[in-house]
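Read off the chains here:
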Amino acid sequence: MTEWLPGGSPGEAAVVSELLPGGWLRVCVPLPYSLRFVNSYLVPEPEGDWTVIDPGLNTEESRALWLAELDKLGIRQGALRRVLLTHQHPDHYGLAGWFQQQYACSVWMTEKAHRYAKRMWGAGSRFPLELAEWFGRHGMPAELLAQLEPHLQSFRERVEPQPEVSYLTAGSCMELGGESWSLIDAPGHAGGALCFYSESSRSIVVGDQVLLRITPNISLVPGPEEDANPLQSYLTSLRELSSYVTERVYPGHREPFTDLAGRAREITAHHERRLEHLRGLLQQRDAASAFELCELEFGSHLRRNIHNLRFAMSETLAHLAYLEYEGEAEQRDEGGFVRFRAVTAGDPVRGGE
Ligand SMILES: [Zn+2]
Ligand SMILES: [Zn+2]
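As the structure is a prediction and not an experimental result, all values here were calculated from the model.

Octahedral metals with six donors have ideal donor angles of 90 or 180 degrees. Tetrahedral metals with four donors have an ideal donor angle of 109.5 degrees. The protein atoms donating to the zinc ion (ligand 1) are H87 (NE2), H89 (ND1), H189 (NE2) and D208 (OD), with metal-donor distances spanning 2.1 to 2.3 Å. Classification of the site at the zinc ion (ligand 1) as irregular follows from its four donor atoms and the range of 89 to 171° in their angles at the metal.

Attention shifts here to the pattern of salt bridges. Within this structure, the stated rule accounts for 23 salt bridges. As a salt-bridge pair, E255 and R213 come within 3.1 Å of each other at their nearest N and O atoms. Placement of E255 in the loop between β12 (248-251) and α8 (260-283) and of R213 in the loop between β11 (203-207) and α7 (230-242) is noted, with a sequence separation of 42 residues between them. Across the pair E328 and R279 runs a salt bridge whose closest N-O atoms are separated by 2.5 Å. On the criterion of sequence distance, the pair formed by E328 in the loop between α10 (306-325) and β13 (329-334) and R279 in helix α8 is long-range, its members being 49 residues apart. Looking at E328, the relative accessible area reads 26%, which means it is partly exposed. Put simply, E47, D49 and R81 are held in one network by salt bridges that share partners.

In this section: the pairing of strand β5 (residues 80-84). The element β5 is largely enclosed, with a buried count of four among its five residues. By the bridge criterion, four bridges tie strand β4 (residues 50-53) to β5 in an arrangement that is parallel. From the neighbouring strand, I53 faces β5, where its bridge partner is L84. With helix α1 (residues 60-72) bridging β4 and its parallel neighbour β5, the resulting β-α-β unit is right-handed.

This paragraph deals with the sheet that holds strand β3 (residues 37-44). Strand pairing in a sheet relies on backbone hydrogen bonds. The paired strands run either parallel or antiparallel. An order of β1-β2-β3-β4-β5-β6-β7 is seen for the seven strands of this open sheet, with the pairing classed as mixed. The open sheet terminates on both sides in strands that have one partner only, identified here as β1 (17-19) and β7 (165-168). In this sheet, neighbouring strand axes are inclined to one another by 25° on average, regardless of whether the strands run parallel or antiparallel. On top of the sheet, helix α3 (residues 96-103) reaches β4, β5 and β6 (106-110); it is set at about 170° to β5, its chief contact. Here helix α4 (residues 111-121) sits on the sheet in contact with β6 and β7, set at roughly 100° to β6.

Reading the values: rules and limits
- Along each chain, residues carry numbers from 1 onward, in the same order as the chain's sequence is written.
- A letter from A marks each chain and a number from 1 marks each ligand, given out in the order of writing.
- Confidence filtering applies because this is a predicted model: local features only for residues at pLDDT of at least 70, side-chain atom pairs given and counted only at 80 or more, and all residues used for totals across whole chains, interfaces and linings.
- As a rule here, side-chain values cover all heavy atoms of the structure and leave hydrogens and water aside.
- With water omitted from the atoms examined, metal sites may look incomplete; donors here are N, O and S atoms no farther than 2.8 Å from the metal, or 3.2 Å in the case of Na, K and Ca.
- A site with four donors is called tetrahedral when every donor-metal-donor angle falls between 85 and 135 degrees; four donors are called square planar, and six octahedral, when opposite donors sit more than 155 degrees apart and all other angles fall between 65 and 115; any other arrangement is irregular.
- One speaks of a salt bridge when a side-chain nitrogen belonging to Lys or Arg is within 4 Å of a carboxyl oxygen belonging to Asp or Glu.
- Runs of H or I in DSSP of at least four residues are treated as helices and runs of E of at least two as strands, each being numbered from the N terminus.
- Burial status follows relative accessibility: with a 1.4 Å probe on protein chains alone, a residue under 20% of its type maximum counts as buried, one over 50% as exposed, and anything between as partly exposed.
- Paired strands, in this sense, are two strands between which DSSP finds at least two bridges.
- Here a crossover is taken to be right-handed if, once the strands point away from the viewer, the path from the first strand over the helix to the second is traced clockwise.
- As a rule, the C-alpha atoms of each element are fitted with a line to give its axis, helices using only the stretch in contact, and angles between N-to-C directions run from 0 to 180 degrees.
- Throughout, a residue-residue contact means that at least one pair of heavy atoms, one from each residue, lies within 4.5 Å.

This is the structure:
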């Protein structure tokens, strides 16, 4: 899913496309959200054809941009080998099926990421209803819940047609642009997400796992197959990624950068501050719903933006889940509504939801 910008201003893309080392092209594909652009990477292969990483959201504007860019480069059907997806969020995955139809190419992502895409947008998806029901139990008012389903449904046309997918496996290697790349499991922002790392060029494609000036959204998602403690998974992933020697970091939004470990430290510190604030909010009151805590943390102005409110709510729940796992908070079901409270030393800790 696209990230949200708490208190930030939308960034401008200075370029439509930018030539990178190795003949790679960074293509800034437009988005109708505050993020404005997703970075796609067009990679020349030694055999003369091309690979696309994260083609973008399916809108008229982004299709027109791609047709113009590929025409400029003389890339026609048969010259586009495959689409690689770092993760399944619509701003990255949405155009994959269109590319497959247009250029008869293969589309690759992890099986876990594909399962989530099918849960979100597959035939008969109940996800919008499930999310609304879950947010309702966590205190979101009915007038906001009523906006959720149409909001989520609005993504569907931007991810159609859905591609036939082949699977990438974390822990394996692949050839890309004449180099060998390790596929690194990168959970927390999106289950099943991958980073691609080349030891020879010290380059890493990070998707949305680490971004400049944006803290990637960390969402708790309802469902038995989803990560029950995504913030823990994310912080662990940041530590792991920091151990790679990198000179070029290619992110899914904003410009490429160099200091992966430094940016990972900043994002980790951001979450530690937010956890500390949440601990304080819990300790100051007897009990509170996730929605009340979300508004205390992010402000009630988000009621006017269901897109950002959804991310804020899911991130508040992710932080609460983290504190529950640490034994610092617990939730109680009070007549179908869930409220959280701080656990102090000596309190018995109940199991998670
Ligand atoms: Zn994302
Ligand atoms: Zn994104």
